Amino acid sequence: MKTALACLTVMLAAGLALAGITAAFSVFTKEQARRLQVLQNRPVLEPVTLVESQGQEFILNRAVQESGKFWLIDFIYTRCNAVCRTQGTDFQRMQRAIVAQGLQDKVSLLSISFDPAHDRPEVLARYAAHYDADPAIWRFATVKDAASLPKLLAFFGITVIPDEWGGYQHNAALLLVNPQARLVRVMDIDSEAWKPLLQQVQRSRQPERA
């Protein structure tokens, strides 16, 4: 009896310790904690100048606000033969869904390259053409000033590590920015969470609260 009571006491103590560490079981990983923090705080994008595939420059937060749209953003590099290919295919599907649902005036897609030394506008243009990207819906861009890249990646929670073959290891996420230029949701790139999201955009201007 005493042994069973002792075991139960240890288990309860361990459970309470775990609850404290994970904020009452609300988060279990660093990534989940980041996503929860985004949902709660909705951080505002800082101004960063990007250069798109057609050579035009734009300031990201200002472009979002002036468009009055929701923006779905991902980070890529054109030499990637792994996760970026999946991201490109998913964005193709999103583009088709946006057209099919008549949401061109409510949703924009943006793929940002974190490899500005290689992914110059002409390279991005070829990459966009490969995916049949409609520039009115899906834009490709990279930073004008490489010095601004670390802060941009940190804001969106993107980790990029050079590998031994001249490429990069990086995480992937689908990032939702609202018309007020606030980051409001972080989703798995292949979760198809964008499907109900687009349906909500059709019905409401505030899908991030659903």
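Numbering of residues starts from 1 in each chain and follows the order in which that chain's sequence is written. Reporting in this predicted model follows two pLDDT cut-offs: at least 70 for local features of residues, and 80 or more for side-chain atom pairs to be given and counted; totals over whole chains, interfaces and linings ignore these cut-offs and use all residues. Side-chain figures throughout are based on the complete set of non-hydrogen atoms in the structure, without hydrogens or water.

**Student:** Quick question: what am I supposed to make of the overall build of the protein here?
**Tutor:** Runs of E in the DSSP output that reach at least two residues are strands. Runs of H or I that reach at least four are helices, and both are numbered from the N terminus. A count of helices and strands for the protein gives 7 helices and 9 strands. When each of the 210 residues of the protein is scored for burial, the buried share is 45%. All accessible-area figures derive from a Shrake-Rupley calculation using a 1.4 Å probe, and residue coverage is judged against the displayed protein chains alone. When the accessible area of the protein is evaluated, it comes to approximately 11,100 Å², of which 57% is carbon and sulfur surface. A 1.4 Å probe rolled over the protein chains alone gives each residue an accessible area, and that area as a share of the maximum for its type sets the label: buried under 20%, exposed over 50%, partly exposed in between.

**Student:** I would appreciate a short explanation of the environment of Thr86 in the present structure.
**Tutor:** Relative to the assigned elements, Thr86 resides in helix α4 (residues 83-100). For Thr86, a relative accessible area of 38% corresponds to the partly exposed category. C-alpha separation for the pair Thr86 and Asp190, spaced 104 residues apart in sequence, amounts to 7.8 Å.

**Student:** It is not clear to me how the confidence of the model for the protein should be interpreted in this structure. Could you clarify?
**Tutor:** Close inspection of predicted coordinates is inappropriate for parts of the model with low pLDDT. Scored by pLDDT, the protein has a mean of 83; 83% of the residues are at 70 or more. Taken as a whole, residues 1-27 scores under 50 in pLDDT and shows 10 contacts with residues more than four places along the chain or in a different chain. Per-residue confidence from the predictor is reported as pLDDT, which spans 0 to 100. Only heavy atoms matter for contacts: two residues are in contact if any of them lie within 4.5 Å across the pair.

**Student:** Just to check I follow, could you spell out unusual backbone geometry for this structure?
**Tutor:** When glycine is set aside, most residues are seen to have a negative phi, and most peptide bonds are trans. Its identity as a non-glycine residue notwithstanding, Arg42 has a phi of 45°, on the positive side. With respect to the helices and strands, the residue Arg42 is situated in the loop between α2 (30-41) and β1 (49-52). If you check the backbone angles, Ala181 has positive phi at about 65° while not being a glycine.

**Student:** So what exactly am I meant to see when it comes to the pairing of strand β8 (residues 174-177) here?
**Tutor:** On a regular strand, one side chain projects to one face of the sheet and the next to the other, so that they alternate. Neither face of β8 is open: one carries Leu174 and Leu176, the other Leu175 and Val177, and all of them are buried. Pairing of strand β3 (residues 70-76) with β8 involves 3 bridges; the strand directions are antiparallel. Bridge pairing in β8 links Trp71 to Val177. For two strands to be treated as a pair, DSSP must find no fewer than two bridges joining them. Bridge count between β8 and strand β9 (residues 183-187): 4 bridges; the pairing is antiparallel. Directly across from Val177, in β9, lies its bridge partner Leu183.

**Student:** Would you take a moment to explain the packing of aromatic side chains for this structure?
**Tutor:** Geometry of an aromatic ring pair is reported as the spacing of the ring centres plus the angle between the planes. A pair of Phe, Tyr and Trp rings is counted when the ring centres sit within 6.5 Å of each other, with Trp represented by its six-membered ring. The angle between the planes then sorts it: under 30 degrees is stacked, over 60 is edge-to-face, the rest tilted. The tally for this structure, following the rule as stated, stands at 10 aromatic pairs. Between Phe75 and Phe156, the ring centres sit 5.4 Å apart and the planes meet at 55°, which makes this aromatic pair tilted. Of this pair, Phe75 sits in strand β3 while Phe156 is found in helix α6 (residues 149-156), placing the two residues 81 residues apart along the sequence. For the pair shown, Phe75 and Phe156 are each scored as buried. Where Tyr77 meets Tyr168, the ring centres are 5.1 Å apart and the plane angle is 85°; that geometry is what we call edge-to-face. Remark: Tyr168 occurs in strand β7 (residues 168-170) and Tyr77 occurs in the loop between β3 and α4; sequence separation between them is 91 residues. The pair Tyr77 / Tyr168 is uniform in exposure class, with both members buried. Taken together, the aromatic side chains of Phe91, Tyr127, Tyr131, Trp138 and Phe140 make up a single cluster linked through ring pairs.

**Student:** How do you make sense of the environment of Gly102 when you look at a structure like this?
**Tutor:** Along the chain, Gly102 turns up in the loop between α4 and β4 (107-113). By relative accessible area, Gly102 is classed as partly exposed at 43%. Here the alpha-carbon distance between Gly102 and Gln202, two residues 100 residues apart in the chain, equals 8.7 Å.

**Student:** It is not clear to me how the sheet that holds β8 should be interpreted in this structure. Could you clarify?
**Tutor:** Strand pairing in a sheet relies on backbone hydrogen bonds, with the paired strands running either antiparallel or parallel. Spatially, β2-β1-β5-β4-β3-β8-β9 is the arrangement adopted by the 7 strands of the open sheet, whose pairing is mixed. Since the sheet does not close on itself, it has two edges, and those belong to β2 (57-59) and β9, each with one partner. This sheet shows a mean twist of 30° between the axes of neighbouring strands, independent of strand direction. A fitted line through C-alpha atoms represents every axis, and for helices the fit uses only the stretch in contact; the resulting angles, taken between N-to-C directions, go from 0 to 180 degrees. Running at roughly 120° to β3, α6 makes contact with β1, β3, β4, β5 (138-143), β8 and β9 of the sheet.

**Student:** Would you explain the state of the cysteines in this entry?
**Tutor:** One way to say it: the disulfide is the covalent bond shared by the sulfur atoms of two cysteines. By convention in this document, the label disulfide applies to cysteine sulfur atom pairs within 2.5 Å. A full pass over the atoms with the stated rule returns 0 disulfides. Of all cysteine sulfurs, the one in Cys84 lies closest to Cys80, which takes part in no disulfide; the gap is 3.0 Å. Overall, the relative accessible area of 4% leaves Cys80 in the buried class. Among the residues examined, Cys84 registers a relative accessible area of 0% and is labelled buried.

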